[in-house]
Amino acid sequence: GSVNSNEGFAMRKALAEIGIPTPQLFTISNSSLEEEFVSAGNLYMALLSGKNTKLASQAGSITAKLHMAGYSFIDNKAQNYLVGHEDSIIRTDLGFIQKTSSIFSRSMDIGSFLASTIDLQQYDKIERTFFEGYSEVAGKGFPYLSIILRNILAIGFSSNYSHMARNMALKSVRVAA
């Protein structure tokens, strides 16, 4: 199906052309996928362990590059970014990429990233740096639906509800109509 084809060589080449790094693909078949192992782990775990929130800026830039090219990740949680050498961010789990740049799909990308990090202690800094990376590339703020979707998705993503509730209450000044 299309989920499998998104993981293939052609999609990775297209992403590389717009400046989105992905793990090197070795083999792909209907039942398996073998790609480069990225040892530093995923972005969520890096942020949880107190890694520099500037990493979120790269995720924001990558998200905006995809949107500017007319695509959406749909499932853009921090766990789908790997931290490569010298703190470079690599996008993995490409299965749900869709050729759409509707307000809803762009908002879903932003909302799912923010929701996936909303239970972290340093969420406010993460949101700010993700926004900076995004708006620098996109030339505009988040679509208005982003924060609404963030709040809906946060319920399913969060492992720390007290942090989540505190962070949901923070005023987001990063939304554009």
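Note that residues are indexed from 1 along each chain, following the sequence as it is written. Where totals are concerned, whole chains, interfaces and linings use all residues; where local detail is concerned, this predicted model gives features only for residues with pLDDT of at least 70, and gives and counts side-chain atom pairs only at 80 or more. Working from all heavy atoms in the structure, the side-chain values ignore hydrogens and water.

(A) Structural context of the side chain of Arg91. If you trace the backbone, Arg91 turns up in strand β4 (residues 89–91). A distance of 2.8 Å separates the side chain of Arg91 from the backbone oxygen of Asp75, its partner in a polar contact. There is a polar contact of 3.1 Å between the side chain of Arg91 and the backbone oxygen of Asp93. Whether two residues touch is decided by their heavy atoms; if any such pair falls within 4.5 Å, the residues are in contact. For Arg91, the contacting residues outside a window of four places in its chain are Ile20, Pro21, Thr22, Pro23, Phe73, Asp75, Asn76, Asn80 and Tyr81. Secondary structure elements follow DSSP: runs of H or I no shorter than four residues count as helices, runs of E no shorter than two count as strands, and numbering proceeds from the N terminus. Each polar contact in these results corresponds to two N or O atoms within 3.5 Å; when the atoms are within protein, one needs to be able to donate a hydrogen and the other to accept it, and residues that are neighboring in sequence are counted only if both atoms are side-chain atoms.

(B) The arrangement of the nonpolar core in detail. Residues grouped as a nonpolar core are buried Ala, Val, Leu, Ile, Met, Phe, Trp, Tyr and Cys residues, joined through side-chain atoms within 4.5 Å. Burial classification: accessible surface area is computed with a 1.4 Å probe over protein chains only, and a residue below 20% of its type maximum counts as buried, one above 50% as exposed, and the rest as partly exposed. Membership of the largest hydrophobic core comes to 39 residues, with the highest contact counts inside it found for Leu43, Tyr81, Phe113, Leu114 and Phe130. Elements with a minimum of two residues in this core: α2 (9–17), α3 (43–48), α4 (55–68), β3 (81–83), α5 (103–117), α6 (123–138) and α7 (145–157).

(C) Local environment of the packing of aromatic side chains. Geometry of aromatic contacts follows a simple scheme: Phe, Tyr and Trp rings, the Trp one being its six-membered ring, pair when their centres are within 6.5 Å, and the pair is stacked under 30 degrees between planes, edge-to-face over 60, tilted otherwise. The full count for this structure, using the stated rule, is five aromatic pairs. For the ring pair Tyr81 and Phe113, a centre distance of 6.0 Å and an interplane angle of 85° mean the geometry is edge-to-face. Residue Tyr81 is located in strand β3, and its partner Phe113 is located in helix α5; the two are separated by 32 residues in the primary sequence. Summarising the burial analysis for this pair, Tyr81 and Phe113 share the class buried. An aromatic cluster of three or more residues is present, and its members are Tyr81, Phe113, Phe130, Phe131, Tyr134 and Phe142. Charges are assigned to positions over rings by a cutoff of 6 Å between ring centre and Lys NZ or Arg CZ, combined with an angular limit of 35 degrees from the ring normal. Lying across the ring of Tyr71, Lys99 places its NZ or CZ 4.6 Å from the centre.

Honestly, that's just the spatial picture; any functional story needs more than this.
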